[in-house]
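# Survey of secondary and tertiary structure
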Amino acid sequence: MKIAVDARGGDFAPQTIVEGAVLAAREFGVPVVLVGDQEAVRKEIARHPGSDSLPLTVVHASEAVGMGESPLTPIRKKKDSSIKVAYDLVKKGEAAGLFSAGNSGAVLATAVFVLEKLKGVDRPAIGTIFPTLKGWTLLLDAGANVDCKAFHLVQFAIMGEAFAKYVLKIKKPAVGLLSNGEEESKGNELIRETNAILRKSSLGYIGTEEG
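A brief report on the enclosed structure follows. Counting of residues starts from 1 at the beginning of each chain's written sequence and follows it residue by residue. Reporting of local features is limited, given that this is a predicted model, to residues whose pLDDT is at least 70; pairs of side-chain atoms are given and counted only at 80 or more, and all residues count toward the totals for whole chains, interfaces and linings. Side-chain measures here rest on the full set of heavy atoms in the structure, leaving out hydrogens and waters.

The subject of this paragraph is the packing of helix α4 (residues 82–91) against helix α5 (residues 104–114). With axes taken as lines fitted to C-alpha atoms, and helix axes fitted only over the stretch in contact, angles between N-to-C directions fall between 0 and 180 degrees. Counting from the N terminus, the helices are DSSP H or I runs at least four residues long and the strands are E runs at least two residues long. Interaxial distance between α4 and α5 falls to 10 Å at its minimum, and their mutual angle equals 40°. Between α4 and α5 lies a crossing of right-handed hand. Along its contact with α4, which presents Ile83, Lys84, Tyr87, Asp88 and Lys91, the element α5 presents Ala106, Val107, Thr110, Ala111 and Val114. Looking at the contact of α4 with α5, its residues break down into six nonpolar, one polar and three charged. In this scheme, a crossing is called left-handed if the near helix is turned counterclockwise away from the far one by less than a right angle; it is called right-handed if the turn is clockwise. Only heavy atoms matter for contacts: two residues are in contact if any of them lie within 4.5 Å across the pair. Any residue that is not Ala, Val, Leu, Ile, Met, Phe, Trp, Tyr, Cys, Pro, Asp, Glu, Lys or Arg is counted as polar, Gly included; the first ten are nonpolar and the last four charged.

Right, here's the structure in full:
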């Protein structure tokens, strides 16, 4: 599984990004395509002994998207940005997935425009995985959406259960709805409406959960 990595995104790029790519290629044998300033990326790769034998390739992207720029920057202004070029690789089948530590809004917006949405999914969501005493907990959404409707939260629940089952290998994932308490009477109108829909669903729904 070849992964396209945004070598211009995140703090201390490309140094820390290249370091992570080298570790992934060395420890797990993951082929990585580093997308960024070709000269700078190759210079960083050369700093790591033995890296010339690793499955690392470099694709040049002349532009970077700053953390303070609009999420639509890669679509409207910087079409040769590392985020846009990396997504183009995924769309063409030259990479199976993408990683970026850069502008999350731009990463999400570009995904929607370049890869498009799955049928039945109105909005993408950011998933964050937390370790617990019993294994792993996946939180959706962790920052992609400011305002949601009930059907958005239901879609997040469906996506979250699928991710937990097939990626985290949890046979029967429990699905909870974050609220300000476990009691049915708590939560705002959105939470109560979503709770009612999820209770009628076929998901492994366990009710509202206090943060």
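Of the two faces of strand β7 (residues 175–179), the one lined by Val175, Leu177 and Ser179 is fully buried and the one lined by Gly176 and Leu178 carries no buried residue. Here, a strand pair is defined by DSSP locating no fewer than two bridges between the strands. Here five bridges tie β7 to strand β8 (residues 205–210), and the two strands are oriented parallel to one another. Looking at the pairing, Gly176 lines up with Gly207 of β8. For crossovers, right-handed means that the path from the first strand over the helix to the second runs clockwise, given strands pointing away from the viewer. Regarding topology, helix α7 (residues 189–199) serves as the crossover connection from β7 to the parallel β8, and that connection is right-handed. To sort residues, take the accessible area from a 1.4 Å probe on protein chains only and compare it with the maximum for the residue type: under 20% means buried, over 50% means exposed, and anything in between is partly exposed.

The quantities given are spatial measurements derived from coordinates; they are silent on function.
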